[in-house]
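Close look at the chain arrangement
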Amino acid sequence: MLPLREFVPTVRQFIVGHRGSSGTAPENTLASVREALDAGADMVELDVQLTSDQEIVVFHDAVLGRTTGGKGKVAGTTLQSMQSLDAGAWFSEKYTGETVPSLRQAIALIKGKAYLNIEIKPPQPGEDYHIRLDKILSCIFEEKMEEFTLFGSFHHGALAELKRNYPLLHTAAINLPNDTRLPSEIAAEIGCEGFICSMRELTHKRSKDAIAHGIYLGVYTVNMREDLDFALGRKAKAIATNFPARIREEILARG
Ligand code: G3P
Ligand code: MG
């Protein structure tokens, strides 16, 4: 597998499984990762959180309720307690028994098969996010995933720090709601390679600016054929979708 920095310029677009294949399996679980890989996703996007015993888990929310039925915050729960929760039943009975993976467990599936996109969530009130960042980085370096990982975040300060400390890491700013700055203005500040925005935010102005400045564009979430037409029309390269199998078929059909 090519390092991400070599892969990106060689392709017209690539498919990012958003929270795995979260349209067909419970988000951020190993089942969702497996389905994204089976669908031929080039990259798998995962959200990560820090547990009370300082382990990195693959989990979107800061609180347990929505996808596990558990109570309280991830930050107040140990890895073991998190992994005793069912993270699949809420999605469908078929996925009962799916658990919350550690980042290492998810990497074990992804490594050598696809690129990883880790989303670094903004800090919770009172949180020193450096602890979380250090844990994520240790995991990535120990697993030798540094050349195959894209770090994305709405928290541009965290990405700027990453770049300052490890210039070779690959980063992408996620556009903040109501941020009117252009991709090139953000990249000039934080040195990111990519710029990710929602479909609604993917304007011609942002697209032209990014392309003119050699910044690649990512967009979420491209779930329907019309979404894909729109995203490709605006030159998005990283196509994040909850349905990687469907979007892959659509892309192949376009030749
Ligand atoms: O990477 C873009 C996207 O994942 C950001 O939103 O809430 O799905 O993590 P969210
Ligand atoms: Mg995310």
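See the structure printed just above.
Residues numbered from 1 in each chain as written. Chains lettered and ligands numbered in written order. Predicted model: local features only at pLDDT ≥ 70, side-chain atom pairs only at ≥ 80, totals over all residues. Heavy atoms only, no water.

1. Concerning the packing of aromatic side chains
Aromatic ring pairs are described here by two measures, namely the spacing of the ring centres and the angle between the planes. According to the stated counting rule, one finds seven aromatic pairs in the structure shown. Relative to Y115, the ring of F7 lies with its centre 4.7 Å away and its plane at 35°, an arrangement referred to as tilted. Placement of F7 in helix α1 (residues 4-10) and of Y115 in strand β4 (residues 115-120) is noted, with a sequence separation of 108 residues between them. Per residue, the accessibility class of F7 equals that of Y115, and both read buried. With centroids separated by 5.6 Å and ring planes inclined at 80°, the aromatic side chains of W90 and F91 adopt a geometry described as edge-to-face. Aromatic ring contacts, followed pair by pair, group F7, F14, Y115, F148 and Y216 into a single cluster. (Phe/Tyr/Trp six-rings, centres within 6.5 Å; stacked < 30°, edge-to-face > 60°. Helix = DSSP H or I, 4+ residues; strand = E, 2+ residues; numbered from the N terminus. Buried < 20%, exposed > 50% of the residue type's maximum accessible area, 1.4 Å probe, protein only.)

2. As for the packing of helix α6 (residues 129-142) against helix α7 (residues 156-165)
Interaxial distance between α6 and α7 falls to 12 Å at its minimum, and their mutual angle equals 50°. Here α6 is positioned oblique relative to α7, judged by the angle of their axes. The element α6 and its partner α7 pack so that their crossing is right-handed. Mapping the contact onto sequence places Y129, H130, L133 and L137 in α6 and G157, A158, E161 and L162 in α7. Taken together, the residues of the contact of α6 with α7 break down into five nonpolar, two polar and one charged. (Axes fitted to C-alpha atoms, helices over the stretch in contact; angles between N-to-C directions. Parallel < 35°, antiparallel > 145°, perpendicular 65-115°, else oblique. Left-handed = near helix turned anticlockwise from the far one by under 90°. Contact = heavy atoms within 4.5 Å. Nonpolar A, V, L, I, M, F, W, Y, C, P; charged D, E, K, R; others polar.)

3. Brief notes about unusual backbone geometry
Looking along the chain, the bond that leaves Y220 and enters T221 is cis, with omega of -5°. Structurally, T221 can be placed in the loop between β8 (216-220) and α10 (225-233). Backbone geometry at R19 places phi at a positive 60°, although glycine is not the residue there. With respect to the element layout, R19 can be found in the loop between β1 (14-18) and α2 (30-38). Unusually for a residue other than glycine, Q54 sits at a positive phi of about 60°.

4. As for empty space enclosed by the protein
Inspection of the entire model under this criterion finds one cavity of 30 Å³ or more. Here the largest cavity defines a volume of roughly 80 Å³. E27, N28, V58, F59 and T67 are, among the 13 residues lining the largest cavity, the residues nearest its centre. Its residues placed into classes, the lining of the largest cavity shows five nonpolar, five polar and three charged. (1 Å grid on protein atoms, 1.4 Å probe; cavity = no way out; pocket = protein on both sides within 12 Å on 5 of 7 lines; lining within 4 Å. Points joined across faces, edges and corners; volume = space filled by probe spheres on them.)

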